[in-house]
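Remarks on the overall topology
For reference, the chains in residue letters:
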Amino acid sequence: MNRDWQQTSGTVADALRIERVAKRFGAFTALDGVSLSVKKGEFLCLLGPSGCGKTTLLRIIAGLEAASDGALFMTAGESERNVTRLPASQRDYGIVFQSYALFPNLTVAQNIAYGLKGRREDKALRVTELLALIGLPGAGSKYPAQLSGGQQQRIALARALATSPSLLLLDEPLSALDARVREHLRREIKALQQKLGVTTIMVTHDQEEALTMADRVVVMNHGVVEQIGTPEDIYARPASRFVAGFVGQSNWLAATSAGVGQVLLGDALLGATVTPPRPDGHPLELFIRPEDVQLHANWSPAEAQVANTALAHVRKIELLGGFYRIALSVPGWGSQPLLADVSRGEFERLNLSPERLVPVSLPANRLRAFVPAGAASAGATA
Ligand SMILES: Nc1ncnc2c1ncn2[C@@H]1O[C@H](COP(=O)(O)OP(=O)(O)OP(=O)(O)O)[C@@H](O)[C@H]1O
């Protein structure tokens, strides 16, 4: 047995383990101690803004770039292998890049068969199987230029899957396609990945893509991992100020800490999730999604007693397709702008109109407090 292989216990559920990987380009640190593991059969997305290091991490996993520090382990059967120094050609993965990267002078069938070894008839059989799998059964004799962008990317996917690799790496595979094709292919790739159960890591800067396709999302910023979680975790329970601001729409309200689980917003004490606790008077930024802001039809005694409730002025009403976005300001909370998203049915029930007063609540379990970006001891809610 190769000495790089070792029996492991408890980690074989992980297809890939990355331990404190760093990458430096001269004096610049592109990755700063990234650790994560990918479960067998999982679809993991690396999400982050341009330059955060996600492509560099994918290239290190592929062996196309060497890590400056740290280690990578891949699992095969019951064994885990240290692949940190293994050349790309000896790693078991298929890869799809943003640009289709098909050979223009080879037919679709020849492109797919490119990495396959063995008898000609076996290869032909495998190509037919793969073409059926990606929904292009008759395309084998065509050339890439005769296919649309979306079709070419499906061929690239078939080529990456041809050798049945244990790991599928996708580097922004949809970003060169137009929106409609992109959405369609998202669903196709996800369905194919689930059908084959192939462990997949996809790089994207598109949050919608990550949230709709991934089992877990790794949010990166400036070469570090900000949060790893399910799409629901990332969206509803962001672990840092950066994640909260990067993913989805959010309201940000300046407040100060005021005791355990409480904040002072304008003149009002509100309940909020503030962890770790901050000393009283510490500046905070309150975060709440527009769809979590609740509007009430009446200012009844029952509503008045709901915690975190006050009267708001309706400033502006916008119809954004399937829902209304209502701009509010609440004098009792310092009159900072506050957006609320309500469904069309809810909008009718509320009978809203500009300059009306409407009771508004910020549910304490959806109201999260972060230390403002750039403030000392940058902290986050858990
Ligand atoms: N070969 C290189 N030499 C020097 N700097 C590099 C090299 N490759 C990447 N970088 C730098 O490392 C940082 C991370 O790059 P990377 O391509 O991983 O980012 P990314 O998150 O994938 O962004 P994008 O979506 O724009 O590709 C960037 O600031 C980039 O300029």
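Structural notes, computed from the coordinates. (Residues numbered from 1 in each chain as written. Predicted model: local features only at pLDDT ≥ 70, side-chain atom pairs only at ≥ 80, totals over all residues.)

Some remarks on the pairing of strand S17 (residues 309-320)
Judged from the five bridges that link them, S17 and strand S20 (residues 357-361) form a sheet pairing that is antiparallel. Bridge assignment links His313 to a residue of S20, and that residue is Leu357. Where S17 lies against strand S18 (residues 323-329), seven bridges are found, and the strand directions are antiparallel. Counterpart to Leu320 in the pairing with S18 is Phe323. Counting the residues in the hairpin turn of S17 and S18 gives two residues, including Gly321, whose phi is positive at 70°. (Pairing = 2+ DSSP bridges. Helix = DSSP H or I, 4+ residues; strand = E, 2+ residues; numbered from the N terminus.)

Section: the site of the ligand
All residues in the neighbourhood of the ligand are listed as Phe25, Phe28, Ala30, Gly48, Ser50, Gly51, Cys52, Gly53, Lys54, Thr55, Thr56 and His205. Where the shell around the ligand is concerned, the elements lending two or more residues are strand S3 (28-39) and helix H1 (54-62). Examining the composition of the shell around the ligand, we find that three residues originate from one element, H1, more than from any other. Looking at side-chain class alone, the shell around the ligand contains four nonpolar, seven polar and one charged residues. (Near = placed C-beta within 6 Å. Nonpolar A, V, L, I, M, F, W, Y, C, P; charged D, E, K, R; others polar.)

Some points on the sheet that holds strand S13 (residues 262-265)
The strand order S14-S13-S12-S15-S21 describes an open sheet built from five strands, whose pairing is antiparallel. Either end of the sheet is taken by a strand with one partner, and the two such strands are strand S14 (268-271) and strand S21 (368-370). Put simply, the sheet's adjacent strands are angled 45° from each other on average, direction ignored. With two bridges joining them, strand S12 (residues 251-257) and S13 adopt antiparallel strand pairing. The residue bridging Thr256 from the neighbouring strand is Leu264, located in S13. (Axes fitted to C-alpha atoms, helices over the stretch in contact; angles between N-to-C directions.)

A look at the environment of Ala254
Along the polypeptide, Ala254 turns up in strand S12. Here Ala254 is in contact with Glu285 and Gln336, once residues within four sequence places are set aside. (Contact = placed C-beta atoms within 7 Å.)

Describing the pairing of strand S6 (residues 79-82)
Bridge analysis of strand S5 (residues 69-76) against S6 gives four bridges, and the strand direction is antiparallel. Each bridged residue has a counterpart across the sheet, and for Thr75 the counterpart in S6 is Glu80. Linking two consecutive strands that pair antiparallel, namely S5 and S6, is a turn of two residues; a positive phi of about 65° is found at Gly77 within it.

Some words on helix H5 (residues 179-196)
Under the 1.5 Å per step criterion, the end-to-end length of H5 is 26 Å for 18 residues, consistent within 8% with the ideal 26 Å. Taken together, the buried positions of H5 are Leu185, Ile189, Leu192 and Gln193. Within H5, the buried residues cover an arc of 95° as seen down the axis, which keeps them to one side. In H5, the exposed positions that point more than 90 degrees away from the buried face belong to Arg180, Arg187, Ala191 and Lys195. Structurally, H5 contributes buried residues whose contacts are with strand S4 (43-47), helix H3 (120-133), helix H4 (149-161) and strand S9 (199-204). One or two residues past the end of H5 sits Gly197, with phi positive at roughly 65°. (Expected span 1.5 Å × (residues − 1). Buried ≥ 20, exposed ≤ 12 C-beta atoms within 10 Å, placed from the backbone. Arc of directions from axis to C-beta.)

What about the nonpolar core?
Grouped together as the largest cluster of nonpolar side chains are 98 residues, with contacts concentrated most on Cys45, Val263 and Leu286. Broken down by element, the residue count for this core peaks at six residues, all from H4. Both of domain 1 (5-241) and domain 2 (249-370) provide at least three residues apiece to this core. In this view, Cys45 contacts Met202, Thr204, Ala210, Met213, Ala214, Val217 and Val218; residues no more than four positions away in its chain are not counted. (Core = buried A, V, L, I, M, F, W, Y, C linked by C-beta atoms within 7 Å. Domains from an automatic or database assignment.)

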